[in-house]
Amino acid sequence: MYDVIPDVGMERPVRDYERLEEVVQARGSPGYFLIKPSEWPELLRSDAIPTYSSVLGGYVHVQLDDRTWTRRWLELREHAVFLAKSETSRPEVCVCTLLDVDVYMVDRQRVPKGYGFALRTQTRPRTVLLATQSSEAAHHDWIKSLCRARSYVLCQERPVASTTGTPASDIASASVWRVTVLPVPVAPATRPWRLPNF
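Residues numbered from 1 in each chain as written. Predicted model: local features only at pLDDT ≥ 70, side-chain atom pairs only at ≥ 80, totals over all residues. Heavy atoms only, no water.

Concerning the overall build of the protein
Of regular secondary structure, the protein possesses three helices and ten strands. Each helix and strand of the protein, placed in order from N terminus to C terminus, yields the pattern β-β-α-β-β-β-β-β-β-β-β-α-α. Taking all 198 residues of the protein together, the buried fraction comes to 50%. Taking the contacts inside the protein whose residues are at least 6 apart along the sequence as the reference set, 55% of them involve residues at least 24 apart. Total accessible area on the protein is roughly 9900 Å²; 52% of this is exposed by carbon and sulfur atoms. (Helix = DSSP H or I, 4+ residues; strand = E, 2+ residues; numbered from the N terminus. Buried < 20%, exposed > 50% of the residue type's maximum accessible area, 1.4 Å probe, protein only. Contact = heavy atoms within 4.5 Å. Areas by Shrake-Rupley, 256 points an atom, 1.4 Å probe, with all protein chains shown as cover.)

So, in structure tokens, the structure goes:
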């Protein structure tokens, strides 16, 4: 099942252990659920929650505040996404953490390079980062790594779903409790939730 937000051309697969009412609330704009096969169903099952957070880095084109697309180094580590001018340049900026951000696939007509993804907050629905690349393989690597990292964080928030192997919503007597996930300290963004001008 996919959560689709048609007015911005985004969609993401819903994990087996996510609560649909929370997905609708996080959507924050008109949308719908679409039942269709997922490219990576193994990433969405509760028995496939990773035991560590993913790490990935590479060049993508990101859309900056002025709506221009610029090539930047994007890095996923420590439950956060960092942005820099190049792989070796400093300072890098923490764009967001995956505590409140999920990855969405973007309609191909809305991105210049053919394959795009967006990082979107789940409490204040808005796009944090829109990225694109011309390589389908790189696109799949980013989507899968970001999805695994977000799943890892969700597992930390809802251990009931991960320990039973059954979605918490399917267990009649399950008592759901939350654990605070403390991310590794990272350098704060110069303008939180906004991309810096490089």
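As for the nonpolar core
Ranked by size, the top nonpolar core spans 30 residues in total, and within it L74, V81, F117, L119, W142 and L146 carry the most contacts. Ranked by residue count, the leading element in this core is helix α2 (residues 136–157), at six residues. Not counting chain neighbours up to four residues away, the residues in contact with V81 comprise L74, E75, L76, V93, C94, V95, C96, L119, L129 and L146. Counting seven residues, the second largest nonpolar core, distinct from the first, contains Y104, V106, V111 and A118. (Core = buried A, V, L, I, M, F, W, Y, C linked by side-chain atoms within 4.5 Å.)

Some remarks on the sheet that holds strand β2 (residues 10–13)
Backbone-to-backbone hydrogen bonds pair the strands of a sheet. The strands run either parallel or antiparallel. Here we have ten strands laid out as an open sheet, ordered β3-β1-β2-β8-β9-β10-β4-β5-β6-β7, and antiparallel in their pairing. The sheet is open, and its two borders are formed by β3 (32–34) and β7 (93–97), each paired with just one other strand. Taken pair by pair, the neighbouring strands of this sheet meet at an average axis angle of 35°, ignoring direction. Bridge count between β2 and strand β8 (residues 101–106): two bridges; the pairing is antiparallel. (Pairing = 2+ DSSP bridges. Axes fitted to C-alpha atoms, helices over the stretch in contact; angles between N-to-C directions.)

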